[in-house]
Amino acid sequence: MSYPIVRHRRLRGSQAMRNLVRETRLSMHDFLYPLFVTEGTDVRSEIPSMPGVFHLSLDVLEAEIREIASLGIQGVLLFGVPSHKDEIGSEAYGHESIVQRATRAIKGWAPELLVVADTCLCQFTSHGHCGVVKKDERTNNAYVDNDLSLELLVKTAVSQAEAGADIIAPSNMMDGYVLAIRAGLDEAGFEHVPIMAYSVKYASSFYGPFRDAAHSTPQFGDRKTYQMDPANAREAIREAESDVREGADMLMVKPALAYMDIIRELKDQFDLPVVAYNVSAEYSMIKAAAAQGWIDERSIVLETLLGFKRAGADIVITYHAKDAARWLQG
Ligand code: PBG
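Residues numbered from 1 in each chain as written. Predicted model: local features only at pLDDT ≥ 70, side-chain atom pairs only at ≥ 80, totals over all residues. Heavy atoms only, no water.

For the chain, the helix and strand inventory stands at eleven helices and twelve strands. Projected onto its principal axes, the C-alpha coordinates of the chain cover approximately 75 × 55 × 40 Å. Counting across all 330 residues of the chain, residues that qualify as buried make up 53%. Averaged over its 34 positive side-chain charges, the chain has a centre that lies 9 Å from the centre of its 45 negative ones. (Helix = DSSP H or I, 4+ residues; strand = E, 2+ residues; numbered from the N terminus. Buried < 20%, exposed > 50% of the residue type's maximum accessible area, 1.4 Å probe, protein only. Lys, Arg positive; Asp, Glu negative; His and termini not counted. Charge placed at Lys NZ, Arg CZ, Asp CG, Glu CD.)

Have a look at this one:
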């Protein structure tokens, strides 16, 4: 039996044809832009390993927020860089803490702009871990106390929602964190506030520049006991599944570039929006090569972001958001 050879027309002949058959489109509506807010006045300090990304104090934040909103970006992901840290991360959940104050201010300046609050303790603890550290009496080893940490994370999420956060994004990966935060939010009257779960978070070297930026490098040990092994893909589905069952509304994969297969996997397996976090070192690598004149920053950034969408991401958290939004407009 012989098969006829079917020749497919190549639908690339003109720009109009390419526009017509394009499968994936990138828009500024896809982006969330991470912001680092800090105490003090007149602070606008660039993070050395992340050119173009700044620590901003609240008095200089307004101009930044208006610019972000005018570019058509739909929301910001807020990280707090507090001046005071302690063992239990008190500054994560205070009414007058930096993220809570920034949230109220942003909702005042640009009510439509979504505020996504990162819910974690690591920037706020003196030891840099994402929870409360205890010592095992017998072995003398330090460990993160899951249940105690959960209590403080719930408190953090509720205080962020009270300040006006539109989405709670817990990034800590304690066991049962989505369930606990969901229950805490509901109980406090925030049933309508969705949870963006950092469901699939790898123990990655791609967070290096962020940890410098947020001053959140663990002072001892590492995050390997609560972040995933980069070698595992099936485990990612288990993690996502349990977050879905606990009430997650969006599922995040982090980092993004080396984990495109995981983004696709979650998109195929679940019917919730998938979020790709294009993390700090992914940004730094492009900025460094572009500064050397080795690559064309604009086309590399847009191709990378498009790749996340093609892989299955509905939302992309990226430090390139402002540049990309500008390029997509013009
Ligand atoms: C933890 C957190 C981290 C990042 C976002 N939230 C660091 C970590 O897990 O150690 C990394 C983001 C980036 O690298 O851009 N709260």
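Viewed as axis vectors pointing N to C, helix 7 (residues 234-246) and helix 8 (residues 260-269) meet at an angle of 45 degrees, and their least axial separation amounts to 10 Å. Between helix 7 and helix 8, the angle falls in the class oblique. In this structure, helix 7 crosses over helix 8, and the sense of that crossing is right-handed. Contacts from Ala236, Ile237 and Ala240 of helix 7 reach helix 8 at Ile262, Glu265, Leu266 and Gln269. Across the contact of helix 7 with helix 8, the residue classes break down as five nonpolar, one polar and one charged. (Axes fitted to C-alpha atoms, helices over the stretch in contact; angles between N-to-C directions. Parallel < 35°, antiparallel > 145°, perpendicular 65-115°, else oblique. Left-handed = near helix turned anticlockwise from the far one by under 90°. Contact = heavy atoms within 4.5 Å. Nonpolar A, V, L, I, M, F, W, Y, C, P; charged D, E, K, R; others polar.)

Along any regular strand, the residues point their side chains to alternate faces of the sheet. Counting buried residues in strand 4 (residues 75-81) gives seven out of seven residues, a clear majority hidden from the surface. Side chains Gly75, Leu77, Phe79 and Val81 project from strand 4 onto one buried face, and the interleaved Val76, Leu78 and Gly80 project onto a second face that is buried too. The pairing of strand 1 (residues 31-38) with strand 4 spans seven bridges and is parallel. Considered in strand 4, the bridge of leucine 35 is made with leucine 78. In terms of strand pairing, strand 4 meets strand 5 (residues 114-119) through four bridges, oriented parallel. (Pairing = 2+ DSSP bridges.)

Within this model, the second largest pocket holds a volume of roughly 170 Å³. Taken together, Arg22, Thr24, Arg25, Leu26, Leu302, Leu306 and Leu328 form the lining of the second largest pocket. Tallied by class, the residues present in the lining of the second largest pocket amount to four nonpolar, one polar and two charged. (1 Å grid on protein atoms, 1.4 Å probe; cavity = no way out; pocket = protein on both sides within 12 Å on 5 of 7 lines; lining within 4 Å. Points joined across faces, edges and corners; volume = space filled by probe spheres on them.)

Counting through the fold element by element, lysine 254 comes out in strand 10 (residues 250-254). Buried lysine 254, no salt bridge; nearest opposite-charge side chain is aspartate 118, N-O distance 6.1 Å. With residues near it in sequence (within four places) discarded, lysine 254 still touches Tyr198, Val200, Lys201, Tyr202, Tyr207, Tyr277 and Val279. (Salt bridge = Lys/Arg side-chain N within 4 Å of Asp/Glu carboxyl O.)

The next subject is empty space enclosed by the protein. Enumeration according to the criterion identifies two cavities of 30 Å³ or more in this entry. The calculated volume of the largest cavity comes to roughly 160 Å³. Taken together, 18 residues line the largest cavity, and the ones lying closest to its centre are Cys122, Lys201, Tyr207, Phe210 and Lys254. For the lining of the largest cavity, the secondary-structure elements that each account for two or more residues are strand 9 (196-201) and helix 6 (208-214).

A cis amide bond links lysine 254 with the next residue in sequence, proline 255, at an omega value of -10 degrees. Inspection of the secondary structure assignment puts proline 255 in the loop between strand 10 and helix 8. Despite not being glycine, aspartate 42 shows a phi value in the positive range, around 60 degrees. Secondary-structure assignment places aspartate 42 in the loop between strand 1 and strand 2 (44-46). In this structure aspartate 42 comes out as exposed when scored by relative accessible area, which is 62%. Positive phi is not limited to glycine here, since asparagine 140 has a value of about 70 degrees. Among the structural elements, asparagine 140 can be located in the loop between strand 6 (132-135) and strand 7 (142-145).

Bringing the pattern of salt bridges into the picture now. Should the charged atoms of two oppositely charged side chains come close, the side chains can pair. Summed over the entire model, instances satisfying the criterion amount to 17 salt bridges. A salt bridge links aspartate 186 to arginine 182; the shortest N-O distance between them is 3.0 Å. Separated by four residues within a single helix, aspartate 186 and arginine 182 lie in helix 5 (residues 177-187), roughly one turn from each other. Where arginine 182 meets aspartate 249, a salt bridge forms, and the shortest distance between an N and an O atom there is 3.8 Å. Here the residue arginine 182 occupies a position in helix 5, and aspartate 249 occupies one in the loop between helix 7 and strand 10, the gap between them amounting to 67 residues. Exposure remark for aspartate 249: the relative accessible area of 30% places this residue in the partly exposed category. Salt bridges sharing common partners tie together Arg44, Glu64, Glu67, Lys287, Glu297, Lys322, Asp323 and Arg326.

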